[in-house]
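What follows is the residue order along each chain.
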Amino acid sequence: MTSRSLPPIKIRDLKSIEDLSQLKSVEKEVWGMADEDTLPLTLAIACEAAGNIFVGAFHGEGGKEKLVGFAFGFLGREHGSTTVHSHMLAVLDDYRHLDLGSRLKQAQRERAIGMGIHEMTWTFDPLQSRNAHFNFSKLGVVSDNYKIDFYGPETSSMLHRNGTDRLWVRWLLNSRRVRDRLQRCAAGKDPRVETLDALRLLAPLVRFDPSGRPARAELAESLARQRVSIEIPGDILEVERNDMGLAREWREATRWAFCEAVRAGFVVAEFCRGVRGQQGPGAYLLQRGTISDLILEV
Ligand SMILES: CC(C)(COP(=O)(O)OP(=O)(O)OC[C@H]1O[C@@H](n2cnc3c(N)ncnc32)[C@H](O)[C@@H]1OP(=O)(O)O)[C@@H](O)C(=O)NCCC(=O)NCCS
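Residues numbered from 1 in each chain as written. Predicted model: local features only at pLDDT ≥ 70, side-chain atom pairs only at ≥ 80, totals over all residues.

(A) Structural detail: the site of the ligand. Surveying the vicinity of the ligand reveals 21 residues, the closest of which are Arg-96, Leu-100, Gly-101, Ser-102 and Arg-130. Put simply, the parts of the chain that give the shell around the ligand at least two residues each are β4 (81-91), α4 (100-114) and α5 (129-139). Here the residues of the shell around the ligand are counted per class, giving eight nonpolar, seven polar and six charged. (Near = placed C-beta within 6 Å. Helix = DSSP H or I, 4+ residues; strand = E, 2+ residues; numbered from the N terminus. Nonpolar A, V, L, I, M, F, W, Y, C, P; charged D, E, K, R; others polar.)

(B) A look at the pairing of strand β2 (residues 53-59). The element β2 is largely enclosed, with a buried count of seven among its seven residues. Going residue by residue along β2, you find Ile-53, Val-55, Ala-57 and His-59 tucked away on one face and Phe-54, Gly-56 and Phe-58 tucked away on the opposite face as well. Bridge count between strand β1 (residues 9-13) and β2: five bridges; the pairing is antiparallel. Its bridge partner lying in β2, Arg-12 is registered against Gly-56. As paired elements, β2 and strand β3 (residues 66-78) share seven bridges and run antiparallel to each other. (Buried ≥ 20, exposed ≤ 12 C-beta atoms within 10 Å, placed from the backbone. Pairing = 2+ DSSP bridges.)

(C) Region of the structure containing the nonpolar core. In this structure, Ala-57, Phe-70, Ile-230, Tyr-284 and Leu-286 are the most contacted members of the largest nonpolar core, which totals 63 residues. When neighbours within four sequence positions are excluded, Ala-57 is seen to be in contact with Ile-9, Ile-11, Val-68, Gly-69, Phe-70, Val-91, Leu-100 and Leu-104. (Core = buried A, V, L, I, M, F, W, Y, C linked by C-beta atoms within 7 Å. Contact = placed C-beta atoms within 7 Å.)

(D) Broad picture of the environment of Ile-117. Along the chain, Ile-117 turns up in the loop between α4 and β5 (119-124). Using a count of 20 C-beta atoms within 10 Å as the deciding quantity, one classes Ile-117 as buried. Ile-117 sits 111 residues away from Val-228 along the chain, and the two C-alpha atoms are 32 Å apart. Ignoring sequence-local partners within four residues, the contact set of Ile-117 consists of Thr-82, Thr-83, Val-84 and Ala-112.

The following block contains the structure:
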């Protein structure tokens, strides 16, 4: 669907049982989940009534509004503070690349700030270049936490065939970093041109070699530096479709690299897609230090 053919889409809270009962079909279409892995309607109703955040993107009007995307987050507790843990963000395939994902995250951020909350967390698969770009470049998340098989070795979701390793990311809602990133995106500016330059000069800890396989660098030498990079394929779902063994090699190699770097005191700071041209790999930039150091930088 192109933006020209698309009527306006409204971002609003999900309130009624009718609204919440539309969640399942979006979950099933986006993740291909079996019923037992979707959010039970009764739990959704209770979560909403207890003050958790459900925002939706609705297409159409009046009684004919169709839910085409949503974000769901519940209250959490971390580092002695109350957080929102955003468990799900989804936009139907036909409605992607229209900024709906970003608009849903911004609505979620406004709701959380309105509740006096300053931090949102969520997880995503670090092999998914699209999500990495969305989270680091557009939203400005940071991470120092890698979870191996977070949801177990597999689920019914078609997006979970290669294990469920996740980066646990932190979105520091009022930080300069996040405000600056959202402003740059709203102005249509490329978030971090300078990151791309930095990445081109670094020797990756895992490199996308000319045959498309992951090549590991010497660990001690890489981790002796202040900054390292980790490359990933441009489209891991295509790799999974063509060669599941290769997709698993990528999982093993990147798991090794993230775990070793985090253990050595690095934080994941940025991601750039297309570090060697449009179709090529993307790369994470990790730097030595803490998340507090990072959020003071713009
Ligand atoms: C992640 C998701 C919600 C984004 O929704 P969306 O409405 O397309 O989001 P936006 O339009 O705001 O932004 C998407 C960005 O990803 C980019 N993108 C899309 N496909 C990509 C790919 N294969 N590789 C790299 N970037 C990609 C888009 O170009 C856009 O960036 P840009 O605006 O800088 O060009 C949607 O893709 C989705 O539902 N994915 C499946 C569920 C999921 O993974 N959820 C967890 C997200 S953390």
